[in-house]
Amino acid sequence: MSLRPLLTSLVAALRLLVVGLHLLSGILQVALLFRFVDGVRRRLLRQVWSRQLLFVLGVHLEPARLNAAGPVRALDGLIVSNHVSFLDIFVINAVAPSAFVCKEDVARWPLIGWLCRGSETVFLARGKRSAAYRVHRQIVARLRAGERMVVFPEGTTSTGDRVLPFHGALFQSAIDAGVPVVCLALSYHDRRGWPTEAAAYTGDLSLLRCLWQIAAAGGLRAYLQVLPPLTGLAERRHLAQHAQLRISQALTRQRLLPG
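Note that residues are indexed from 1 along each chain, following the sequence as it is written. Totals for whole chains, interfaces and linings use every residue, but because this is a predicted model, local features are given only for residues with pLDDT of at least 70 and side-chain atom pairs only at 80 or more, for both listing and counting. Side-chain measures here rest on the full set of heavy atoms in the structure, leaving out hydrogens and waters.

### Brief notes about the environment of V80
For clarity, the cut-off: For helices the rule is a DSSP run of H or I covering at least 4 residues; for strands it is a run of E covering at least 2, with both sets numbered from the N terminus onward. Working rule for contacts: check all heavy atoms of both residues, and any pair within 4.5 Å makes them a contact.
Along the chain, V80 falls in strand β2 (residues 78-81). In this structure, the C-alpha to C-alpha distance between V80 and L208, residues 128 residues apart in sequence, is 26 Å. Filtering out sequence-adjacent residues up to four positions away, V80 remains in contact with V151, P153, F171, V181, V182, C183, L184, A243 and I247.

Dropping the structure here:
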């Protein structure tokens, strides 16, 4: 009988144990440090913590081997990305610490929800017009103040093999704030460079099961590509369509890259 499955399970269990300790350290940082430091230092703390989380989970972050618009850290405006997993938040934060717009359900997740609530996350309640309007005003104000905001316009996660239709509502925030829309193309690959669904958080999969898949994958790679900003479009549906097409084309090229 091969020992490989047993070793894989032992390594994954050890990783999840360390992840639990790391989550507790993040809670302590938010509770004890965030109120005493400015925004720049809070973003740096989030970046370092996110990089450490990826390391603990065995996820290697690398830029896609394609031409990009430039370093993410230099980008301003409304950032939009395709959405595969809860891990996306930490991959993006590891490169460019940002404030995120997430569905209200995330706020109720154990530990991770608490961290998000303490990390300048904006929560969007579904089906409530008044709540959506308040969130819109909040995002516009923060964009005008020069903050970097990230949204996942698919509204849900996918397996990463395609980009679901983008909802246009949140693109109105960029128009009203007078800032560009910057697209990110994010994909996950195995140690050989082949696309993998190991990180996908879809369907009825539990958060713990998804964490286990990531921890057990071994050598998982996250490719993050920055695409040129979208400017000059004053209609949110057109912005959403252009962003979806641009990210979809970039992901197709990423899947065709040699491992």
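Having seen the model, we can carry on.
### Examining helix α7 (residues 207-217)
Keep this limit in mind: The buried label applies to any residue whose accessible area, calculated with a 1.4 Å probe on protein chains only, is under 20% of its type's maximum; exposed applies above 50%, and partly exposed to all values in between. Taken from the helix axis, the directions to the C-beta atoms give the arc we talk about.
Among all positions in α7, only L207, C210, L211, I214 and A215 are buried. For α7, the angular spread of the buried residues around the axis is 135 degrees, confining them to a single face. Residue G218 follows α7 closely and has a positive phi angle near 70 degrees.

### Observations concerning the nonpolar core
Quick note on the threshold: By convention a nonpolar core is built from buried Ala, Val, Leu, Ile, Met, Phe, Trp, Tyr and Cys residues, the set being connected through side-chain atoms within 4.5 Å.
Within the largest apolar cluster, 48 residues are counted, with the highest numbers of intra-cluster contacts made by L57, V59, F86, L87, I112, Y188 and I214. With sequence-adjacent residues up to four places away left out, I214 is seen in contact with L57, V59, S85, F86, L87, A198, A199 and L220.

### Section: the packing of aromatic side chains
In plain terms, the rule: Stacked, edge-to-face and tilted labels apply to pairs of Phe, Tyr and Trp rings (six-membered ring for Trp) whose centres lie within 6.5 Å, assigned for plane angles under 30 degrees, over 60, and everything in between, in that order.
Overall, the coordinates contain four aromatic pairs when judged by the stated rule. Between W49 and F90, the ring centres sit 5.8 Å apart and the planes meet at 55 degrees, which makes this aromatic pair tilted. Pair noted here: W49 is in helix α2 (residues 39-57) and F90 is in helix α3 (residues 87-95), with a separation of 41 residues, a long-range link. By relative accessible area, W49 is classed as buried at 6%. Ring centres of F86 and Y201 lie 5.9 Å apart, and the angle between their planes is 90 degrees; on these two criteria the pair is classed as edge-to-face. With F86 in the loop between β2 and α3 and Y201 in the loop between β6 (181-189) and α7, this pair connects stretches of sequence that are 115 residues apart.

### Some points on the pattern of salt bridges
Going by this rule: Between Lys or Arg on one side and Asp or Glu on the other, a salt bridge is scored when a side-chain nitrogen of the former is within 4 Å of a carboxyl oxygen of the latter.
Tallying each qualifying case throughout the model produces six salt bridges. Across the pair R42 and E120 runs a salt bridge whose closest N-O atoms are separated by 3.3 Å. Linking R42 in helix α2 with E120 in the loop between α4 (112-117) and β4 (122-124), this pair joins segments that are 78 residues apart in sequence. Among the residues examined, E120 registers a relative accessible area of 24% and is labelled partly exposed. Because the salt bridges share partners, they merge into one network encompassing R42, R46 and E120.

### Details of the side chain of N82
We apply this condition: Here a polar contact is recorded for every N or O atom pair within 3.5 Å, except that within protein the pair must consist of a potential hydrogen donor and a potential acceptor, and residues adjacent in sequence are included only if both atoms are side-chain atoms.
Mapped onto the elements of the fold, N82 is located in the loop between β2 and α3. Relative accessible area serves as the criterion here: at 2%, N82 is assigned to the buried category. Among the polar contacts made by the side chain of N82, one reaches the main-chain carbonyl oxygen of L186 at a distance of 2.8 Å. Here N82 is in contact with D88, F152, E154, V163, L184, A185, L186, I247 and L251, once residues within four sequence places are set aside.

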